[in-house]
Amino acid sequence: MKEIIAEFLDMVKERNGHEPEFLQAVEEVAETVIPYIVQHDIYYGKNVLLRMVEPERLVSFRVCWVDDDGEIQVNRGYRIQMNSAIGPYKGGLRFHPTVNASILKFLAFEQVFKNSLTTLPMGGGKGGSDFDPKGKSDNEIMRFCHAFMSELFRHIGPNTDIPAGDIGVGQREIGFLFGKYRKLRNEFTGVLTGKGLTWGGSLIRPEATGYGTVYFAENMLRTKNDNFEGKTVVISGSGNVAQYAAEKCIVIGAKVVTLSDSSGYIYDKDGIDADKLKFVMHLKNVKRGRIKEYVKEYPEAKFVKGKTPWSEKCDIALPCATQNELDIEDAKALLANGCMCVSEGANMPSTNEAIKEFHKARILFAPGKASNAGGVATSGLEMTQNSLRYKWTREEVDKKLREIMQDIHNSCTEYGQEDDGYIDYVKGANIAGFVKVADAMLAQGVV
């Protein structure tokens, strides 16, 4: 089996050797899915996984825009349309200096499995630009978004590809992008999700990824007859996902002690309560400030510069920042400090070596493609509401989100439960996501 997996990975590396993040994502999937393929004749010999790792379409384009000083700036734009076997491409847009084809391909590949797990009819895609919104004026961001959409609009549509937000792309950016699309196409359609509530958005969408990460962790804890009540939670990040994961943890009785950004992390031994979290939300969402300013407002807390929070004692860890933020040494530190549950809010925040360490310790570990699928699931619910020209209540959307996260957990359990009762959620998520997409691909022939 090792030889078959190695042969497959060598084939992928030959074509994508310069894309480390993408290769990491493929390796994690291959190690669990290929043994399943070999055991099932319906998939064996059809090169289904090899077809899945190759994007159906990779669009790269130039984005020229004018800054406030009248200078012309040039960025790169991308859209990776990975797989549409079960529905139109669906996945976020990321605006960040680190964006490149490798990162977007890994995100698009993960998105295929994530969207499959939601049980909603959505294929996988991802896109973005190396544009950095930080430090830019609203007018500069508007001009960039309009320039970006001037090319992207050719490749998307409500039945083709429905982008959403991601890092660097919030409701402000979605508004500018949607406005330009509406102008260019002369139509009002639900081609972007994450829209404002007054023009086609869905309640709970901003909260969905963070809430869903916690709901999935709740389902995992339930298998051990346990819950969040009284647990100490360490969270990385301080953007949308981290904020709403923290909010939900606080509501259900946990004690959140950390949040972070690229400059370092804050540790509050007394816990980040609802009022303190409101300060963080205002700081990050309105003032666009740094997390270290928390310590000025709450001097009993400490700020640790240039570090991630994984050395702090906790029961539950929620990595909600970015890819590969948690390595094997971090995993060992978490385990040494009593961590018994990790639920990923970001995309691929744990390295493969860290994941193996968690599995070796037999703790509860949820990969992002399962635990953070609440965001895209609620995007799917937004698409449904747009099609119906209807809006569900907050309670209705939250109920549907809880049900979807429960269904994802059930699928992971079905394919991931081992003989000794331990649930390998990575294996379960990969196989469950693969089966649905692979069945659709086989049914549609070689296309």
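Once a new chain begins, its residue numbering starts again from 1 and follows that chain's sequence as written. Local features in this predicted model are restricted to residues whose pLDDT is 70 or higher, and side-chain atom pairs enter the listing and the counts only when it is 80 or higher, whereas totals over whole chains, interfaces and linings include all residues. Excluding hydrogens and water, the side-chain figures rest on all heavy atoms present in the structure.

A word on helix α8 (residues 240-251)
Argument step 1. Taking 1.5 Å of rise per residue, the twelve residues of α8 would be expected to cover 16 Å, and the 17 Å separating its terminal C-alpha atoms lies within 8% of that figure.
Argument step 2. The contact criterion used throughout is that any non-hydrogen atoms of two residues lie within 4.5 Å. We count a stretch as a helix when DSSP gives it H or I for four or more residues in a row; a strand needs E for two or more, and each element gets its number in order from the N terminus. In this structure, the buried residues of α8 make contact with α7 (208-222), β6 (232-236), β7 (255-261), α9 (274-285) and β10 (316-319).
Argument step 3. Just beyond α8, the residue with positive phi is Gly253, at close to 95 degrees. Here the expected length of a helix is defined as 1.5 Å per residue gap, with one fewer gap than residues.

A look at the nonpolar core
Argument step 1. Core analysis: the largest hydrophobic core is formed by 59 residues, its most contacted members being Phe216, Phe228, Val233, Ile235, Leu259, Leu318 and Ile408.
Argument step 2. A total of eight residues in this core trace back to one element, the largest contributor, which is α7.
Argument step 3. Excluding its chain neighbours within four sequence positions, the residues that come into contact with Ile408 are Leu117, Thr118, Phe216, Ala370 and Ala373.
Argument step 4. By convention a nonpolar core is built from buried Ala, Val, Leu, Ile, Met, Phe, Trp, Tyr and Cys residues, the set being connected through side-chain atoms within 4.5 Å. Using a 1.4 Å probe on the protein chains alone, a residue whose accessible area is under 20% of its type maximum counts as buried, one over 50% counts as exposed, and one in between counts as partly exposed. Within the second largest apolar cluster, 43 residues are counted, among which are Ala30, Val99, Phe109 and Phe434.

A closer look at the packing of aromatic side chains
Argument step 1. Geometry of aromatic contacts follows a simple scheme: Phe, Tyr and Trp rings, the Trp one being its six-membered ring, pair when their centres are within 6.5 Å, and the pair is stacked under 30 degrees between planes, edge-to-face over 60, tilted otherwise. Under the defined criterion, the tally for this structure stands at 22 aromatic pairs.
Argument step 2. Centre to centre, the rings of Phe61 and Phe148 are 5.3 Å apart; their planes meet at 55 degrees, and the pair counts as tilted. A residue pair is termed long-range when its members are at least 10 positions apart, and Phe61 in strand β1 (residues 57-66) and Phe148 in helix α5 (residues 138-152) qualify at 87 residues. By the burial criterion, Phe61 is buried, and Phe148 matches it.

Examining α5
Argument step 1. Helix length check: α5 (15 residues) gives 21 Å between terminal C-alpha atoms against 21 Å at 1.5 Å per residue, within 8%.
Argument step 2. Considered for burial, the residues of α5 that qualify are Glu140, Ile141, Phe144, Cys145, Ala147, Phe148, Met149 and Leu152.
Argument step 3. If you follow the buried residues of α5, they end up packed against β1, β2 (72-83), β3 (89-95), β4 (124-129), β5 (161-164) and α6 (171-185).

Considerations on the sheet that holds strand β11 (residues 341-343)
Argument step 1. As summarised here, the arrangement of the seven strands in space is β9-β8-β7-β6-β10-β11-β12, forming an open sheet in which the pairing is mixed. Edge positions in the sheet fall to β9 (302-305) and β12 (364-366), since each of these pairs with one other strand and no more. Here the strands of the sheet are splayed against their neighbours by 15 degrees on average, with no regard to which way each runs.
Argument step 2. Bridge count between β6 and β10: four bridges; the pairing is parallel. Counterpart to Ile235 in the pairing with β10 is Leu318. A pair of strands counts as paired when DSSP detects no fewer than two bridges linking them. Comment: axis = line fitted to C-alpha atoms, over the contacting stretch for helices; angle = value between 0 and 180 degrees taken between N-to-C directions.

Examining the UniProt feature "site: Important for catalysis" (unreviewed entry) in the chain
Argument step 1. This chain's UniProt record puts "site: Important for catalysis" (unreviewed entry) on Asp166.
Argument step 2. Tracing the sequence through the fold places Asp166 in the loop between β5 and α6.
Argument step 3. Those residues in contact with Asp166 that sit more than four places away from it in its chain are Gly92, Leu93, Arg94, Lys126 and Asn347. UniProt positions are given in the numbering used here, feature names are shortened, and annotations may be inferred rather than shown by experiment.

Notes on the UniProt feature "binding site: substrate" (unreviewed entry) in the chain
Argument step 1. Per the UniProt record, "binding site: substrate" (unreviewed entry) is found at Lys90, Gln111, Lys114, Gly165 and Ser379.
Argument step 2. You can see Lys90 is positioned in strand β3.
Argument step 3. With respect to the helices, strands and loops of the structure, Ser379 is situated in helix α14 (residues 374-388).
Argument step 4. When near neighbours in sequence (up to four residues on either side) are disregarded, Ser379 contacts Lys90, Ala164, Thr193 and Arg205.
Argument step 5. For this analysis, a polar contact is any N or O atom pair within 3.5 Å, provided that within protein one partner can donate a hydrogen and the other can accept it, and provided that sequence-adjacent residues contribute only side-chain to side-chain pairs. For Ser379, the side chain forms a polar contact with the side chain of Arg205, separated by 2.9 Å.

A closer look at the sheet that holds β4
Argument step 1. Sheet architecture is open: five strands sit in the order β1-β2-β4-β3-β5, paired in mixed fashion. Strand pairing shows two members of the sheet lacking a second neighbour, β1 and β5, which therefore form its edges. Ignoring which end each strand starts from, the neighbouring axes of this sheet average 20 degrees apart.
Argument step 2. Examined bridge by bridge, β2 and β4 share six bridges and lie antiparallel to one another. Bridged to Ile80 within β4 is Lys126.

A short note on the pairing of β4
Side chains on a regular strand alternate between the two faces of the sheet.
Argument step 1. Burial runs high along β4: six of the six residues are buried.
Argument step 2. Side chains Gly124, Lys126 and Gly128 of β4 all project onto a buried face; the interleaved residues Gly125, Gly127 and Ser129 project onto the opposite face, where all are buried too.
Argument step 3. Both β3 and β4 contribute to a ladder of three bridges, which runs parallel. For Arg94, the partnering residue across the bridge sits in β4 and is Gly128.
Argument step 4. Handedness rule for crossovers: strands pointing away from the viewer, path from the first strand over the helix to the second running clockwise, crossover right-handed. The handedness of the β3 to β4 crossover, carried by helix α4 (residues 101-117), is right-handed.

As for the packing of α4 against helix α16 (residues 425-444)
Axes are the key here: two packed helices are described by the angle between their axes and the distance separating the axes.
Argument step 1. Direction vectors running N to C along α4 and α16 enclose 85 degrees, while the axes themselves pass 8 Å from each other. Between α4 and α16, the crossing angle belongs to the class labelled roughly perpendicular. Seen from α4, the contacting residues are Val112, Phe113, Ser116 and Leu117; seen from α16, they are Ala429, Asn430, Ala432, Gly433, Phe434, Lys436 and Val437.
Argument step 2. Taken together, the residues that form the contact of α4 with α16 break down as seven nonpolar, three polar and one charged. By the definition adopted for this analysis, an angle is roughly parallel if under 35 degrees, roughly antiparallel if over 145, roughly perpendicular if from 65 to 115, and oblique otherwise. Polar here means any residue outside two lists: the nonpolar Ala, Val, Leu, Ile, Met, Phe, Trp, Tyr, Cys and Pro, and the charged Asp, Glu, Lys and Arg; Gly therefore counts as polar.

Details of the environment of Leu104
Argument step 1. For Leu104, the position within the fold is in helix α4.
Argument step 2. The exposure class of Leu104 is buried, given its relative accessible area of 0%.
Argument step 3. Each C-alpha atom, one on Leu104 and one on Tyr78, is 8.1 Å from the other, the two residues being 26 residues apart in sequence.

Regarding unusual backbone geometry
Argument step 1. The phi angle at Ile204 is positive, at roughly 75 degrees, despite the residue not being glycine.
Argument step 2. Position of Ile204 among the secondary structure elements: in the loop between α6 and α7.
Argument step 3. Of note, Arg362 is a non-glycine position whose phi angle comes to about 60 degrees, a positive value.
Argument step 4. With relative accessibility at 36%, the residue Arg362 sits in the partly exposed group.

Quick look at the packing of α7 against helix α15 (residues 394-416)
Argument step 1. Running from N to C, α7 and α15 point in directions that differ by 50 degrees, and their axes come no closer than 9 Å. Between α7 and α15, the interaxial angle falls into the category oblique. Remark: the crossing between α7 and α15 carries right-handed chirality. The residues of α15 that touch α7, namely those facing Ala208, Tyr211, Gly212, Tyr215, Phe216, Glu218, Asn219, Met220 and Arg222, are Arg394, Asp398, Leu401, Arg402, Met405, Gln406, Ile408, His409 and Cys412.
Argument step 2. Class assignment for the residues of the contact of α7 with α15 results in nine nonpolar, four polar and five charged. Helix crossings are classified by the rotation of the near helix relative to the far one: an anticlockwise turn of less than a right angle makes the crossing left-handed, while a clockwise turn makes it right-handed.

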